[in-house]
Amino acid sequence: MSRVVRHARHVVGENPVTGVAGGVFLALLVLAAVGPRVAPYDPLLTNTRHKLEAPSPAHWFGTDQVGRDLLSRVLVATRLDLGIALSAVALSFAAGALAGACAGFYGGWVDRIVTRVMDTIMAFPLFVLAMGIVAALGNTLANIVVATAVINLPFYARMARAEVNVRREAGFVDAARLTGNAPARVLAVHVFPNCLPPMMVQASLNLGWAILNAAGLSFIGLGVRPPTPEWGIMVAEGAAFIVSGEWWIALFPGLALMLAVFCFNLLGDGLRDLMDPRRRT
Amino acid sequence: MTRRTLLIVALLALAPTPSAQAQGRADTLIVVTESGPNNLDIHGVGTNRPAYQAAWNVYDRLLTFGVKTLPDGTRMYDYSTLKPELAESWQLAPDGMSVTFKLRKDAKFHDGTPVTAHDVKWSFDRAVTVGGFPTFQMKAGSLEKPEQFEVVDDLTFRVKFVRKDKLTLPDLAVPVPVVINARLAKKHATAQDPWAMDWLKANPAAGGAYRIESWKPGVETIYARNDDWKSGPLPRFRRVIVREVPSAGNRRALLERGDADISFDLPPKDFAELAKAGKLKVIGHPVENAHAYLGMNVKNPPFAHPKVRQAVAHVIPYQEIFDSAVFQRGVLLAGYPIARGTAGYEAMAPFKPDPDKAKKLMAEAGYPNGFETVLSYDQGFATINEPMAILAQEALAQIGIRATINKVPGANWRAAFMKKDMPIFLNAFGGWLNYPEYFFFWNIHGQNAIFNTSSYQNPEMDRLIDAARFETDPKKYAEQVKGFVAVFLRDLPRVPIYQPQLDVAMQKSVGGYQYWFHRQLDYRQLARE
Amino acid sequence: MLRLIGRRLALAVPGIVGVVVVSFLLNRALPGDPAAFFAGPAATREAVEEIRVKLGLDRSLPEQFALYVRDLLRGDLGTSLTTGQPVSRDLLARLPASLELTLAGLLLAVGVAVPLGVLAATRPGAWLDHLTRVVTTAGVSLPVFFTGLLLVYVFYYLLGWAPAPLGRLDAVSAPPPTVTGFLLVDAALAGDPETFRAALAHLVLPAVTLGLFAMAPIARMTRAAMLGVLGSDFVRTARASGLAPRTVLVTYALRNALLPVVTLLGMIFSFLLGANVLVEKVFAWPGVGSYALEALIASDYAPVQGFVLVMASLYVLLNLFIDVVYGLVDPRVRIEG
C-alpha cells in the first residue's frame, strides 16, 4: 500500500495539476451530496420582485428572470449533472466493456456482430445521434442518460476488445485455462481486470463529455424539464440575456460546467500517469 | 510563422471594408427574423406564418384596408374602411346578394401581362378548393364555392353571396385571396397538379409591389421593387433583404449596432429595454382580438368541475405574470375574454389572486387536498411560456394542485392540442377579423372547432354567439355580446391572462411603419427618413 | 493498392446499411405528427388524414422502408417539408458552408495545437508543458454554444471588431460566382479581394469557436507522438551526427510524429462536422447542421435522414482516404498491407 502511496505522491509532485484536479473532484462530490442543504435559498422559489438582480451580498450569483437565487440553483444542479454524467458513463462502461470483452475473447460471430454495431454507432455524427434518441424516446432524464451512454459505447467496446485480444494468448491465461477454469471465468477473473486501467482513464475523460452532451441537448430544447436546475439548461436560458447585460445568468452555470469538465479531463490525464508510467503522455 | 502571422492576417481581415456598399445601404431595408417562409405560395400545404409576409408584399389582392393614425402618432390599418388595390371600384347589388368589382386598367403582372378578371377567378377558385388553411379562411367570410365567382368581362368580376355576411368584403382584403397570374401558372400545371402547387411553391406568379429576387429557404429572402406597380403609391425601398438569424440575442445586437434596420421577434424584455434606452424606435401595438390563456379540459375530471376552474382563476398571479413574463408589453385581461380594441371590451380585470377563496372553492368541488396534473405549453414560444408556466405552477401548488410541467416541441403542439386531451395548458389565439363573435365562434362555440381547446359545449352560449354573428341592430348586438361574456365568466373554460402586443424595433431613420392585423411587415409603407 | 481500396470499401458497406436502417427507425420514432403540422391551423381530422396519405405515412413500416431504400438508390433523398425543396438539393447547396467552416476550424486548431504540442514535448514536465495542457483542456471543457455566444458578445457587440453574425457574408454583399461553394476559394478565383476579406472576417469567430474544441486532442497526440519519436534511435543518431537541433526536430522528428496525428485528424474532422450543429445555430451559418436541426425540431423526417446519411458516408470516405494516404506515406503499413 505504501508503495502505491509513494508512487502517487511522486506523480502528483511531478504533476501538481492532477492534485488540484483531484481536489476539485472531491469537492464536487461533496457538493453533490450536501448541495441542497448548504444552498441559501430554495432553488425553485420564485420572487419576481427581485428578478434579474446582479450579484450582491444577498444573492452572490444574482437572480434569474423569475427571481430565483442562482447560487442555490448552481449548487443544487451539481447533484443532477454529476448524476447524469456518472450514470451515463457507468452504463456505457458496463455495457461496452461486456460487449467488447466478449468480442475479443470469443471471437467469431460474436466479434463480428459487436464490431458491426459499434461501427454503425460510430458512423453517426455523435451529437445528432443523441439528439435523435432523446427526441424519439422522449424528453426525460433517463433518456438523456441512455442517449449519452449509447454514443459513448463504442469507445469502451473497442478498448475492451483490443485489450482482451492482446492478453488472450498470454501465459497466465493459458495457465488459468489449464487448471480447469471455465472460459467465462477465465475472462471475468483473469483477463478482464487487467484491462481496467486504460478503460478507467477513458471513463474519466468521458465524464466531461457526458456533461457537455447534456448541456448541448438542453441548448436545443431537449434537456431536462423546468423548473429543475441543471447547468446546461441554465446556460441555454441565460444565453438570451447576455446581450441585454445580465451576464451572470449564463456565466456562473457556464463556469461550473467548465470547472467540472476541466477537472474530469485533467483527472483522466493524471490517472493515466498514475496507472502506467510507460504510457505517460 | 504560425500563430503570430495567423493573428495578423485575421486582424487585417477584420478591418472594415470601405463603403462602396454605402449607397446601396440607404435604399435597402435589412430585416432580421427568427425564421423565414417555407413556401412562397400562401395557398400551399403547411405554409408557415413568415410566408404570409412574402405573399402580402409580392402579390396583390382586390381590396386592402385604409390607414388611421392613433393618438400616440403610430399608424395602423383601419378595419372599418376598405380601399382599392386591384379593384378600382365596386358596387353592391340592389338585393345585397352580390358585389361587382371593376378592375384597374393599368395593372400588370411582373411578366408584363395585364391583370384580368380571369386571373381573379382562377385564383379565388384555387383558394376555396385546395383545402387547409386558405379554404378555411375564405369560408370565414362565406366564400365557399367556385360558383360564387363570375367573370363578367375582362375587367369586371362578380362575387355572388350565399348569405349576407358582414365579413365577406373584409375577407377579400386578408392575405389569402391573392391574385395569381393564371396564364403563367397554368403553363406549369399538370393533370395531377391542376393548380400548379409544385411550381408556385418557389416561383411566384404575381404582380405586387415587390418581386422575389432570390429565395434561399432557411437563410434569406431578397425582394426587389416592382417599378411598374400601379395599385398604390410606389414603395420607397428599392430592395428588402430578410435574413434569418435564429438567435434572439444576436438579432438584438444587430439592431443595436445598426447592422439591421428592423425586427419583430425579440423577447418582450428586450423591447421594454430598447424602448427605455431610446436609441431605437420601438412601436408596440396590442394584437387585436387576441389573448393568451390558461386553458382547461372541461370534459374530463378534475377540471370538468366548474368550481375547480373558478378556483384556478382565483389563484393565477396575473400581475406578476404580466410584469415578469411579458414585461407589460400588452394589456392585462385577468380573466376578461375580449381584447382591447374589439367591440365589447371592458377594462374590468375580473379576477385577483385570492388563495383563501380558491381553497374554499376546491373544497366545495370535492378536492380539499388538491390533485396531481400536467401543465403543458408550446416550447416554440418558451421565452414567454416558460416563466408563465413556472409562476402558474407555483400558484396552483398553493391550492394543492401539483402540476408537472410538460414542454411540447413546437412542431408537435398542434397535434397535441388537436387531440384535446391535455388537462391544463397555456395557449394563445388571435383572429384576423376583429369581431368578438368571430373569436368566440372559433374558440368557445359548441361546433368544437380545433381552437375550442377546452372542448366546451353549451347550447346557451351557442345561441348567443350565433345571434351576434348575423345581428344588424347595434343595441341587440351589444346585449348579445354582454350575454356570452357573462356565460363565459360563469363557466370559465379558459382563463384569459393578457392580450399580447406586437412590438417592432427599428432604426430611427426608418419610418412609415403601420400595424396590420396579420402581424407581418408591409414593406410598401416603409421609408428611410 | 486498388485491392486495398476495394476491400476497405466493401468493409464500409455494412456500416452504411446499418446507418440507413437506424436513421430510418429513429426518424419514424420521432414523436409528433408532421401530418397535423402541415395540415395547418383549423384542419379537421379528415384534412389531417388526407395529408397523412399524401405524405405516405399511412403505409406500414416495412413498406415505408422499402420505398425509402428504392428512392435512395435512385439518389432521391426525399423532399423537405420545411423548405419545400428536394433534400439532396438542399444538402448540396449547404454542404460547402459546413465544410468550409469545419476545415477552417481544423486548420486553426492544427496551427495552434501542433506547435504547442511540439514545444511541450521538447520540454516535458516544464511549466510550458503544464500550461499547454491546461489551456487546451480548457478549450475543450466549455460548451461550444457558450463559447460562441461569448465571442459574439465580446468581439462584435462590445468591441465591434468582428462583423455581424449574419452568416457567411454581409447582407448587402453579393457572393462571388459559385465554383466550389467555398467562398474563400471562389473569391480568390474571381480575383475579388474585398469579398475574400469579408468572407474571411465572417469566418473567424465561428472557426475559432470550433477550433478551440479540437485543440486539446491534437496537442495531446502531437506531444505524445513527439515524445515517442524524440526518444527513438534514429533521432539519437541524427543528434549524435551533429545535425542542428532545429533540423532534427523538424525534418526528422516532426515528420514521423505527424503520422498518428493525421489519423486523429480524420476522426476529429468527422466529429466536428457533427458538433457544427450548435455553432451554426449561434452564428446563423447556412450549413447542413442548422438545416438538420430546424428539420428535427419540425419533425421533418427527410432532411434529418439525409443529413445523417451524408455525414456517415463522409466519415467512411474520409477514413478510407486517410488509410490510403497512410499506406502511401508509411512504408511499414504497405508491407503489412
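What counts and how
Residues numbered from 1 in each chain as written. Chains lettered and ligands numbered in written order. Predicted model: local features only at pLDDT ≥ 70, side-chain atom pairs only at ≥ 80, totals over all residues. Helix = DSSP H or I, 4+ residues; strand = E, 2+ residues; numbered from the N terminus. Buried ≥ 20, exposed ≤ 12 C-beta atoms within 10 Å, placed from the backbone. Contact = placed C-beta atoms within 7 Å. Rg over C-alpha atoms; globule rule 2.2 N^0.38 Å. Core = buried A, V, L, I, M, F, W, Y, C linked by C-beta atoms within 7 Å. Pairing = 2+ DSSP bridges. Axes fitted to C-alpha atoms, helices over the stretch in contact; angles between N-to-C directions. Left-handed = near helix turned anticlockwise from the far one by under 90°. Nonpolar A, V, L, I, M, F, W, Y, C, P; charged D, E, K, R; others polar. Expected span 1.5 Å × (residues − 1). pLDDT = per-residue confidence, 0-100. Parallel < 35°, antiparallel > 145°, perpendicular 65-115°, else oblique. Bend = angle between axes of the 7 residues up to and from the residue.

**Considering the overall build of chain C**
Alright, step 1. Assigned secondary structure in chain C consists of 14 helices and 0 strands.
Alright, step 2. Secondary structure elements in chain C, listed N-terminal to C-terminal, are α-α-α-α-α-α-α-α-α-α-α-α-α-α.
Alright, step 3. Residues counted as buried form 50% of the 337 residues belonging to chain C.
Alright, step 4. Restricting the contact set of chain C to residue pairs at least 6 apart, pairs at least 24 apart contribute 70%.

**So, the overall build of chain B**
Alright, step 1. From N to C terminus, chain B includes 18 helices and 21 strands.
Alright, step 2. Over its C-alpha trace chain B gives a radius of gyration of 25 Å, about what one expects of a compact globule, namely 24 Å for 529 residues.
Alright, step 3. With the C-alpha coordinates aligned to their principal axes, the bounding extent of chain B is approximately 85 × 70 × 50 Å.
Alright, step 4. Looking at chain B as a whole, 50% of its 529 residues qualify as buried.
Alright, step 5. The contacts of chain B with a sequence gap of at least 6 include a subset with a gap of at least 24, amounting to 69%.

**Notes on the interface of chain A and chain C**
Alright, step 1. Listed per partner, the contact involves 37 residues of chain A and 40 residues of chain C.
Alright, step 2. Secondary-structure elements contributing two or more residues to the side of chain A that touches chain C are α4 (108-123), α5 (126-137), α8 (183-219), α9 (231-242) and α10 (248-275) of chain A.
Alright, step 3. Ranked by residues supplied to the side of chain A that touches chain C, first place goes to α10 of chain A with 9 residues.

**A closer look at the environment of V201 of chain A**
Alright, step 1. Position of V201 of chain A relative to the elements: it lies in helix α8.
Alright, step 2. As a C-alpha pair, V201 of chain A and E230 of chain A span 29 residues in sequence and 26 Å in three-dimensional space.

**Focus on the nonpolar core**
Alright, step 1. Membership of the largest hydrophobic core comes to 341 residues, with the highest contact counts inside it found for A130, M131 and I211 of chain A, I316 and I497 of chain B together with I218 and A292 of chain C.
Alright, step 2. Examining the composition of this core, we find that 21 residues originate from one element, helix α9 (residues 193-230) of chain C, more than from any other.
Alright, step 3. Look past the residues within four positions of M131 of chain A in its chain and what remains in contact with it is L217, I220 and L222 of chain A together with L296 of chain C.

**A few points about the pairing of strand β13 (residues 290-296) of chain B**
Here is the key point about a regular strand: its side chains alternate between the two faces of the sheet.
All names here are of chain B.
Alright, step 1. For β13, a buried count of 7 out of 7 residues is recorded, marking the element as mostly surrounded by other parts of the structure.
Alright, step 2. Here β13 shows two buried faces, one formed by A290, A292, L294 and M296 and the other by H291, Y293 and G295.
Alright, step 3. With 7 bridges connecting them, β13 and strand β17 (residues 424-430) associate as antiparallel partners. The residue bridging A290 from the neighbouring strand is G430, located in β17.
Alright, step 4. Of the pairings in the sheet, the one linking β13 to strand β18 (residues 494-506) comprises 4 bridges and is antiparallel in character. Across the sheet, residue L294 finds its bridge partner in β18, namely V495.

**What about the sheet that holds strand β5 (residues 98-103) of chain B?**
The strands making up a sheet associate through backbone hydrogen bonding, with each pair oriented either parallel or antiparallel.
Residues and elements named next belong to chain B.
Alright, step 1. The strand order across the open sheet built from 4 strands is β4-β5-β7-β6, with neighbouring strands paired in antiparallel fashion. Both edges of this open sheet fall to β4 (87-92) and β6 (149-153), since each of them pairs with a single strand only. With direction set aside, neighbouring strand axes in the sheet form an average angle of 25°.
Alright, step 2. The sheet contact formed by β4 and β5 spans 5 bridges and is antiparallel.

**Side note on the packing of α5 of chain A against helix α6 (residues 141-168) of chain A**
Between two packed helices, what matters for the description is the angle formed by their axes and the separation of those axes.
Residues and elements named next belong to chain A.
Alright, step 1. Their axes nearest at 9 Å, the elements α5 and α6 cross at an angle of 150°. Pair α5 / α6 crosses with right-handed handedness. Residue-level inspection shows L126, L129, A130, I133, V134 and L137 of α5 in contact with α6, the latter providing N143, I144, V146, A147, T148, V150 and I151.
Alright, step 2. Here the contact of α5 with α6 is composed, by residue class, of 11 nonpolar, 2 polar and no charged.

**A few points about unusual backbone geometry**
All names here are of chain B.
Alright, step 1. Residue P301 is joined to P302 through a cis peptide bond whose omega torsion reads 0°.
Alright, step 2. For R519, which is not glycine, the phi torsion reads 60° and is therefore positive.
Alright, step 3. The residue R519 is located in the loop between β20 (514-515) and β21 (527-528) in this model.

**Looking at helix α7 (residues 144-158) of chain C**
Residue and element names in this part refer to chain C.
Alright, step 1. In this model, α7 (15 residues) spans 20 Å end to end at C-alpha, consistent with the 21 Å of a helix rising 1.5 Å per residue.
Alright, step 2. The buried fraction of α7 is high, at 11 of 15 residues.
Alright, step 3. What α7 keeps buried is the set V144, F145, F146, T147, G148, L149, L151, V152, Y153, Y156 and Y157.
Alright, step 4. Looking one or two places after α7, you find G160, whose phi comes out positive at around 70°.

**Brief notes about the confidence of the model for chain C**
Low-pLDDT portions of the prediction should not be read for the details of their coordinates.
Residues and elements named next belong to chain C.
Alright, step 1. Chain-level pLDDT for chain C is 79 on average; 90% of the residues reach the 70-or-more range.
Alright, step 2. The spread of mean pLDDT over the elements of chain C runs between helix α14 (residues 331-336), the lowest at 53, and helix α5 (residues 87-122), the highest at 88.
Alright, step 3. The ipTM assigned to the predicted complex is 0.74, against a pTM of 0.81.

**Comments concerning the packing of α4 of chain A against α6 of chain A**
Residue and element names in this part refer to chain A.
Alright, step 1. At their nearest, the axes of α4 and α6 sit 9 Å apart, and the two run at 135° to each other. As summarised for this structure, α4 and α6 are arranged oblique, according to the angle between their axes. The handedness of the crossing between α4 and α6 is left-handed. Side by side, α4 and α6 meet where V114, M118, I121 and M122 of the first sit next to V150, I151, L153, P154, A157 and R158 of the second.
Alright, step 2. Looking at the contact of α4 with α6, its residues break down into 9 nonpolar, no polar and 1 charged.

**Brief notes about the pairing of β18 of chain B**
All names here are of chain B.
Alright, step 1. The buried fraction of β18 is high, at 12 of 13 residues.
Alright, step 2. Of the pairings in the sheet, the one linking strand β12 (residues 281-286) to β18 comprises 6 bridges and is antiparallel in character. When the sheet's bridge partners are listed, K281 is paired in β18 with M506.
Alright, step 3. Pairing of strand β14 (residues 330-332) with β18, which is carried by 3 bridges, proceeds in the antiparallel orientation. Pairing of G330 across the sheet is with P500, part of β18.

**Some points on the sheet that holds β20 of chain B**
Alright, step 1. Strands sit in the order β2-β3-β20 (chain B) across an open sheet of 3 strands; the sheet is mixed. Strands with a single pairing partner mark the edges of an open sheet, and in this sheet they are β2 (63-69) and β20 of chain B.

**A few points about the confidence of the model for chain B**
Alright, step 1. Per-residue pLDDT for chain B has a mean of 89; in total, 95% of the residues score no lower than 70.
Alright, step 2. With pLDDT under 50 throughout, residues 14-21 of chain B is counted as low confidence; its partners more than four residues away or in other chains account for 9 contacts.

**Focus on α9 of chain C**
Residue and element names in this part refer to chain C.
Alright, step 1. Look at α9: only 43 Å from first C-alpha to last across 38 residues, short of the 56 Å you get at 1.5 Å a residue.
Alright, step 2. The axis of α9 is deflected most strongly, by about 35°, at A214, and proline P217 appears within four residues downstream.
Alright, step 3. A large share of α9 lies buried, amounting to 30 of its 38 residues.

**A few points about the environment of R61 of chain B**
Residue and element names in this part refer to chain B.
Alright, step 1. For R61, the position within the fold is in the loop between α3 (49-58) and β2.
Alright, step 2. Between the C-alpha atom of R61 and that of P84, which follows or precedes it by 23 residues, the distance is 9.0 Å.
Alright, step 3. When near neighbours in sequence (up to four residues on either side) are disregarded, R61 contacts E85, L86, L172, A173, P177, V178 and V179.

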